[in-house]
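Coordinate inspection notes
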Amino acid sequence: MTTNENKTGTDFIRTIVADDLKTNRWDGRIVTRFPPEPNGYLHIGHAKSISLNFGIASENPGGICHLRFDDTNPCKEENEYVQAIKEDIRWLGFDWGEHEYFASDYFHQLYEWAVQLIQSGKAYVDDQTAEEIRQSRGTLTQPGQESPYRNRPVEVNLDLFERMKKGEFPDGSRVLRAKIDMAAPNLNLRDPVMYRILHETHHRTGDEWCIYPMYDFAHGQSDSIEKITHSLCSLEFENHRPLYDWFCRELGIYHPQQIEFARFNLNYTVMSKRKLLALVQEGHVQGWDDPRMPTLSAMRRRGYPPQAIRAFCTHIGVAKRPNVIDLALLEHFVRDELNKTAPRVMGVLNPLKVVIDNYPEDTVEELPAVNNPEDPSAGSRMVPFSREIYIERDDFREEAPRKFFRLVPGREVRLRWAYFITCTDVVKDPDTGDIIEVHCTYDQESRGGSSPDGRKVKGTLHWVSAPHALDAEVRMYDRLFTHEDPSGGGEGKDFHDYLNPDSLKVIANAKVERSLEEVQSGQRMQFERQGYFCVDPETQPGKLVFNRTVTLRDSWAKHDKKK
């Protein structure tokens with residue numbers, strides 16, 4: 001990570017951390033953690049938490065950020081997600097070193113602490129069903145009702161809990177609950193469930209356990225075991241903080257500080273794990289890494305640079321209130337990074353053949369082309385030029401409007417890095433009337449794109465040499481939804497109603513320049529005048545596949561403004 005990326009400014013969390021360092025509250029230590037549940041793929045919202053937790057650790061000498069997997073629900077968790085999460089975090093540019101942990105590492109300690117709470121009369125085994133517990137919880141204006149099993153003797157609770165652990169009872173038949181206050185104004189303190197019975201195979205512990213701790217019990221105690229100093233959570237856990245504090249206090253264990261910050265949402269996007277799963281399972285996208293998804297693996301496949309995502313997260317900052325960020329802002333940071341780093345190449349998406357009649361047949365020139373005008377160190381490459389080339393079909397009109405400065409009969413235009421050409425004739429399909437070929441002449445003295453006599457031309461076209469062009473499939477991705485708030489766009493509608501039917505258009509017959517013959521998956525580039533693109537993992541010898549990362553300009557914003 002560069003020094004500039006660490007210049008994050010001050011927010012309320014960093015102010016708390018700075019004050020704690022001044023008062024030596026944690027003996028000068030800064031230890032944060034990123035605690036994903038391995039039941040899905042990380043998305044752009046997680047990138048903010050990753051950047052915040054790892055960023056605060058890296059900004060303070062000796063700071064450490066742990067990666068801890070909250071693997072307390074064996075029904076949904078898989079090792080596939082564990083590996084994908086680690087890959088995404090490393091791709092973003094962060095590393096946890098030796099500090100990789102799992103909540104399942106602490107199952108024995110958590111069980112012992114649960115027994116301690118039973119022994120002190122602070123926990124009990126409840127035989128009520130999940131529905132009965134829910135109904136007796138009360139409301140914000142009415143207190144809950146105590147369970148008929150709440151005052152069981154300690155010895156009975158210890159015996160039942162041990163038998164739960166041994167697997168003597170079926171799923172859902174009993175739970176362990178904390179004994180706090182069924183009339184508490186905060187519903188999370190109304191005897192929350194600590195353990196439930198699940199006869200499921202765990203991805204790490206196998207069948208050793210058939211009871212599993214709830215997140216609220218595992219979360220704070222895992223923080224305590226790891227001696228976390230600042231436990232940074234999203235805002236929905238603010239009402240859970242009194243419970244976090246209660247467990248640490250009643251157990252008499254090391255007590256970290258939980259601090260909440262607001263999540264953010266992107267418009268034209270959904271980030272609910274349930275909705276993302278529905279998109280995958282219902283076939284609206286082609287997997288978690290479909291480049292239209294907001295997952296980090298999808299953004300990587302689409303060609304988003306990790307530097308751009310980090311810069312975006314730094315820019316939006318840390319807030320106490322939820323906010324909606326314009327997707328165009330994220331795309332701005334992507335463009336800004338790619339403009340500095342992506343090499344320029346030429347690719348023709350909708351090819352139209354041009355024959356240069358006065359160019360010598362069987363002659364091929366190698367013309368120098370600058371790789372990146374923003375980066376002189378990127379150097380240049382040689383592109384072949386011949387009598388027959390391809391240009392974009394949209395760059396030619398027989399009859400053009402007043403401000404169309406590209407190729408028309410009788411007009412001279414510049415070929416990028418090559419020559420001036422003038423259209424002299426058009427060949428059409430006799431059956432359809434479609435233009436199939438354009439004939440031109442070239443000015444031999446204009447090599448390199450300028451003329452000795454100093455005459456100016458307004459239009460500059462990209463092109464590829466027809467005999468040397470490579471066939472390519474180009475996937476033109478756009479926003480997955482047509483409404484800026486797909487989840488709340490209108491009464492009686494849900495996100496399915498706003499799926500964009502034009503979010504993917506596949507161009508099967510594009511032509512790209514010869515220099516792209518040996519590109520590797522993940523390489524990013526700008527197709528001049530077209531946009532930024534990335535090599536898709538499905539690319540193989542003889543089959544080039546490119547994904548459009550982002551347009552050169554935000555055409556969607558202009559479209560919305562016109563509407």
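Residues numbered from 1 in each chain as written. Predicted model: local features only at pLDDT ≥ 70, side-chain atom pairs only at ≥ 80, totals over all residues. Heavy atoms only, no water.

If you tally the helices and strands in the protein chain, you get 13 helices and 27 strands. Here the C-alpha atoms of the protein chain give a radius of gyration of 31 Å, more than 25% beyond the 24 Å that 2.2 N^0.38 yields for 563 residues. C-alpha atoms of the protein chain, sized along the principal axes, occupy 100 × 55 × 45 Å. Residue pairs at least 24 apart in sequence account for 71% of intrachain contacts in the protein chain once pairs closer than 6 positions are excluded. (Helix = DSSP H or I, 4+ residues; strand = E, 2+ residues; numbered from the N terminus. Rg over C-alpha atoms; globule rule 2.2 N^0.38 Å. Contact = heavy atoms within 4.5 Å.)

Using the criterion set out here, one finds 24 aromatic pairs in the structure. An aromatic cluster is defined as three or more aromatic residues linked by ring pairs; in this entry it consists of F107, Y111, F161, Y195, W209, Y212, F217, W246 and F247. We note R174 situated over the ring of F169; from NZ or CZ to the ring centre the distance is 4.1 Å. Sitting over the face of the ring of W91, R300 holds its NZ or CZ atom 5.3 Å from the ring centroid. (Phe/Tyr/Trp six-rings, centres within 6.5 Å; stacked < 30°, edge-to-face > 60°. Lys NZ or Arg CZ within 6 Å of the ring centre and 35° of its normal.)

We now examine the sheet that holds strand β19 (residues 420-428). Spatial strand order, β21-β18-β19-β20-β14-β17-β22: 7 strands in an open sheet with mixed pairing. Single-partner strands in this sheet number two, and they are β21 (460-461) and β22 (464-465). Examined bridge by bridge, strand β14 (residues 351-356) and strand β17 (residues 388-392) share 5 bridges and lie antiparallel to one another. Bridge assignment links P351 to a residue of β17, and that residue is E392. (Pairing = 2+ DSSP bridges.)

Moving on to unusual backbone geometry. Residues other than glycine seldom take positive phi values, yet K227 does so here, at roughly 55°. Its location among the elements puts K227 in the loop between α7 (215-225) and β8 (230-234). One non-glycine residue, Y268, adopts positive backbone phi at about 60°. Looking at the element boundaries, Y268 is found in the loop between β10 (264-266) and α9 (273-281).

Within the protein chain, residue pLDDT values average 94, and 96% of them lie at 70 or more. Contacts from residues 1-7, a stretch scored under 50 in pLDDT, to residues over four places away or in other chains number 10 contacts. (pLDDT = per-residue confidence, 0-100.)

This brings us to the packing of helix α2 (residues 44-59) against helix α11 (residues 306-316). Following both chains from N to C, one finds α2 and α11 inclined at 75°, their axes separated by 9 Å at the closest point. With respect to each other, α2 and α11 are oriented roughly perpendicular. Contacts between α2 and α11 involve I44, A47, K48 and S51 from the former and I309, F312, C313 and I316 from the latter. Residues of the contact of α2 with α11, tallied by class, amount to 6 nonpolar, 1 polar and 1 charged. (Axes fitted to C-alpha atoms, helices over the stretch in contact; angles between N-to-C directions. Parallel < 35°, antiparallel > 145°, perpendicular 65-115°, else oblique. Nonpolar A, V, L, I, M, F, W, Y, C, P; charged D, E, K, R; others polar.)

Next up on the list: the side chain of R174. Tracing the backbone shows R174 in the loop between α6 (154-166) and β5 (175-178). Only 3.0 Å separates the side chain of R174 from the side chain of D127, close enough to count as a polar contact. (Polar contact = N/O pair within 3.5 Å; in protein donor to acceptor, adjacent residues only side chain to side chain.)

All right, on to the environment of H230 then. When you line up the elements, H230 lands in strand β8. Excluding anything up to four places from it in sequence, H230 contacts I16, V17, D20, W26, I30, V31, T32, Q257 and I259.

Think of a sheet as strands paired side by side through backbone hydrogen bonds, with each pair either parallel or antiparallel. Strand order in the open sheet formed by 3 strands is β1-β2-β3, and the pairing between neighbours is parallel. Looking along the sheet, the strands with just one partner apiece sit at the ends: β1 (31-34) and β3 (100-102). Neighbour to neighbour, the strand axes of the sheet diverge by 35° on average, direction disregarded. Relative to β3, strand β2 (residues 64-69) runs parallel, the two sharing 3 bridges. Within the sheet, the bridge partner assigned to R68 lies in β3 and is Y101. Of the strands in this sheet, β1, β2 and β3 touch helix α3 (residues 79-92), which is tilted by about 155° from β2.

Counting 39 residues, the largest nonpolar core has I44, I89, I309 and F312 as the members making the most contacts within it. Listing elements by their share of this core, those giving two or more residues are α2, β2, α3, β10, α10 (296-302), α11 and α12 (327-341). Counting residues in each nonpolar core, the second largest holds 35 residues, with L110, Y111, I118 and A218 among its members. (Core = buried A, V, L, I, M, F, W, Y, C linked by side-chain atoms within 4.5 Å. Buried < 20%, exposed > 50% of the residue type's maximum accessible area, 1.4 Å probe, protein only.)

This next bit is on the pattern of salt bridges. Taken as a whole and assessed by the stated rule, the structure comprises 45 salt bridges. Between E131 and R134 there is a salt bridge; the shortest N-O distance is 2.6 Å. Taken as a pair, E131 and R134 lie in helix α5 (residues 130-135) at a separation of 3 residues, close to a single helical turn. Of the charged contacts, one joins D336 and K340 as a salt bridge, the two residues approaching to 3.7 Å between their closest N and O atoms. With a gap of 4 residues between them, D336 and K340 both fall in helix α12, about one helical turn apart. (Salt bridge = Lys/Arg side-chain N within 4 Å of Asp/Glu carboxyl O.)

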